[in-house]
Every structure is written in C-alpha cells, then in structure tokens.
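This is what each chain is made of:
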Amino acid sequence: MATVPALVVAGPSGVGKGTLLKMIRARYGEYLEFTISCTTRAPREGEVDGKDYYFITKEEFEKRVQDNQFLEHATFAGNRYGTGLSEIARVQRMGNKICLIEIELNGVQQLQKNPNVLAKYVFLYPPSTEALAERLRLRGTESEETIQRRLETGRQEIEIMDQLTCNHKIVNVELQDAYKSLCEYVESAFDFIKIDS
Ligand code: 5GP
C-alpha cells in the first residue's frame, strides 16, 4: 500500500466537526479531498449517497470487512462506519491531494498504528458535555435515545482523546475562532498550502 498523507479530524458527536469540515473543504478544496466513508446507518434528511457517505447494508459492510477492504472501521452508537481503501485510492488518483478524514476515536487509534498513514491529527473538544447535549438537540437529527447514546460515547471519546497523541487541539467555543485555529494549523502543518485571505 502506498503511503497515505492525511489530515484526520476527530471529536465527539455534536462538537461541530461537520460544520468545520464543510468550511475547510470550501477553503482548501484544491489541496484536501474529503474521504467519503461507508456506513450502515440510515441517511439523514438531505444526506446524499456517494457524497456524504456510501450508505450500505450491514451484510455488505461485514463482507467488505472480511475482504479487507477498509483502511479502518468501527462501530459507533450501534452502526458501522469505515474508510474504504477504494476511497483512499480515488483520492490518490487525483494527484497530490491530502485525504481529509473525519472519524471517531476507535478509527483514529487504528490509523495511528498504521505505518502507511502519514497523518496530522486534529482533535475537537466541546466547551462542556452540556454544550454537546444542547448542540445535538438543536441539530434535531436524532431521537432522544440516540442523543443519550451519543453523549455517553462522547464522554468516553473525550477520555480517549486525552490519552492519544494529537497534533492540534481545538476547543470549539465559538465557530469562527475554531475555524481560524484550524486554518492556521492546516497552513502550518502542510506548508505548501497557502491561501491569501
Ligand atoms: P454520524 O452518524 O454523526 O455521521 O457519525 C458518527 C461518528 O462516526 C462521527 O464521530 C464520525 O466522525 C464517525 N465516522 C464517520 N465516518 C467514519 C469512518 O469511516 N470511520 C470511523 N471510524 N468513524 C467514522
């Protein structure tokens, strides 16, 4: 397997990863390519297959696991998620683009053990777990039961984040400040990326 240059962004559900990622994809689309994960969860309203995720069945997912088709994969809140090797290959065929990978912490641990993955890790923290709960409720995409499950997982994820090595930590208090911090980090970590603002 060829080496995989990547920017990995992780943090608990509701921390604002999706929003921040959209913003940096708009800004650095020339350099960063979002790797579209496979998932067994149902699409949320507005999500598009092949754009937000590849939505596949549990059977198909496990078959791909057996066939070693994932760079990493994990179970999150009862659903399966994984970064397909074919997706990495798609990004690599684009030339010298960096994979922009958004995953949960179990996946981060797998990538950190993989010598072919040359990644920079950014961890996003919520200001508090109350803020996480509020954001998840405001988002309105999940049932209360799922929110509780995601919050419990989120608490565990924050504990794991504290123990893992990462290159840059951001506490997402104000979206614009978090965005600025992320842009500054991206431009310093990958020095060929320069955008005049
Ligand atoms: P959601 O259901 O909110 O889209 O995603 C749930 C969690 O799964 C998020 O923390 C998200 O970052 C993570 N996730 C998304 N795709 C992948 C993947 O390919 N692998 C892993 N390990 N986690 C993923």
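Residues numbered from 1 in each chain as written. Predicted model: local features only at pLDDT ≥ 70, side-chain atom pairs only at ≥ 80, totals over all residues. Heavy atoms only, no water.

- By the naming in an unreviewed UniProt entry, the protein chain is guanylate kinase, taken from Gregarina niphandrodes.
- Here the protein chain is described in UniProt, under the heading Sequence similarities (unreviewed entry), as follows: "Belongs to the guanylate kinase family." (UniProt positions renumbered as here; feature names shortened; annotations may be inferred.)

**Focus on the site of the ligand**
Okay, step 1: Around the ligand sit 16 residues in total, of which K17, R41, Y53, Y81 and E102 are the nearest.
Okay, step 2: The separation between an oxygen atom of the ligand and a polar side-chain atom of Y53 is 2.5 Å.
Okay, step 3: Contact between the ligand and E72: a nitrogen atom at 2.7 Å from a side-chain N or O atom of the residue.
Okay, step 4: For the shell around the ligand, the secondary-structure elements that each account for two or more residues are β5 (70-76) and β6 (79-84). (Near = heavy atom within 4 Å. Polar contact = N/O pair within 3.5 Å; in protein donor to acceptor, adjacent residues only side chain to side chain. Helix = DSSP H or I, 4+ residues; strand = E, 2+ residues; numbered from the N terminus.)

**Describing the sheet that holds strand β4 (residues 53-55)**
The strands that make up a sheet are held in pairs by hydrogen bonds between backbone atoms, and each pair lies either parallel or antiparallel.
Okay, step 1: Within the open sheet, the four strands sit side by side as β4-β3-β6-β5. Their pairing is mixed. At either margin of the open sheet sits one strand with a lone partner, and together these are β4 and β5. Going from strand to strand, the sheet's axes swing by 25° on average, the running direction of each strand aside.
Okay, step 2: In this sheet, β6 lies alongside strand β3 (residues 37-39) in antiparallel orientation, the contact comprising two bridges. Looking across to β6, one finds that C38 is bridged to G82. (Pairing = 2+ DSSP bridges. Axes fitted to C-alpha atoms, helices over the stretch in contact; angles between N-to-C directions.)

**Quick word on the pairing of strand β1 (residues 4-10)**
Okay, step 1: Across the seven residues that make up β1, a large majority, six, are buried.
Okay, step 2: With four bridges connecting them, β1 and strand β7 (residues 98-102) associate as parallel partners. Within β7, the position partnered with A6 by the bridge is C99. (Buried < 20%, exposed > 50% of the residue type's maximum accessible area, 1.4 Å probe, protein only.)

**A closer look at the packing of aromatic side chains**
Okay, step 1: Counted under the stated rule, the structure contains four aromatic pairs.
Okay, step 2: Measuring from ring centre to ring centre gives 6.1 Å for F76 and Y81, while their planes differ by 80°; the resulting arrangement is edge-to-face.
Okay, step 3: Judged by its relative accessible area of 13%, Y81 falls in the buried class.
Okay, step 4: Feature note: the residues Y53, F55, F76 and Y81 constitute an aromatic cluster, connected by ring pairs. (Phe/Tyr/Trp six-rings, centres within 6.5 Å; stacked < 30°, edge-to-face > 60°.)

**Details of the UniProt feature "domain: Guanylate kinase-like" (unreviewed entry) in the protein chain**
Okay, step 1: Within this structure's numbering, the places UniProt gives as "domain: Guanylate kinase-like" (unreviewed entry) are residues 4-187.
Okay, step 2: The span residues 4-187 carries 45% helix and 26% strand; its end-to-end C-alpha distance comes to 19 Å.

**Re the sheet that holds β7**
Okay, step 1: As summarised here, the arrangement of the five strands in space is β2-β7-β1-β8-β9, forming an open sheet in which the pairing is parallel. Edge positions in the open sheet fall to β2 (32-34) and β9 (168-171), since each of these has one partner strand only. On average, each strand axis in the sheet is tilted by 25° relative to the strand beside it, whichever way the strands run.
Okay, step 2: Here seven bridges tie β1 to strand β8 (residues 117-125), and the two strands are oriented parallel to one another. Of the residues in β8, the one forming a bridge with L7 is K120.

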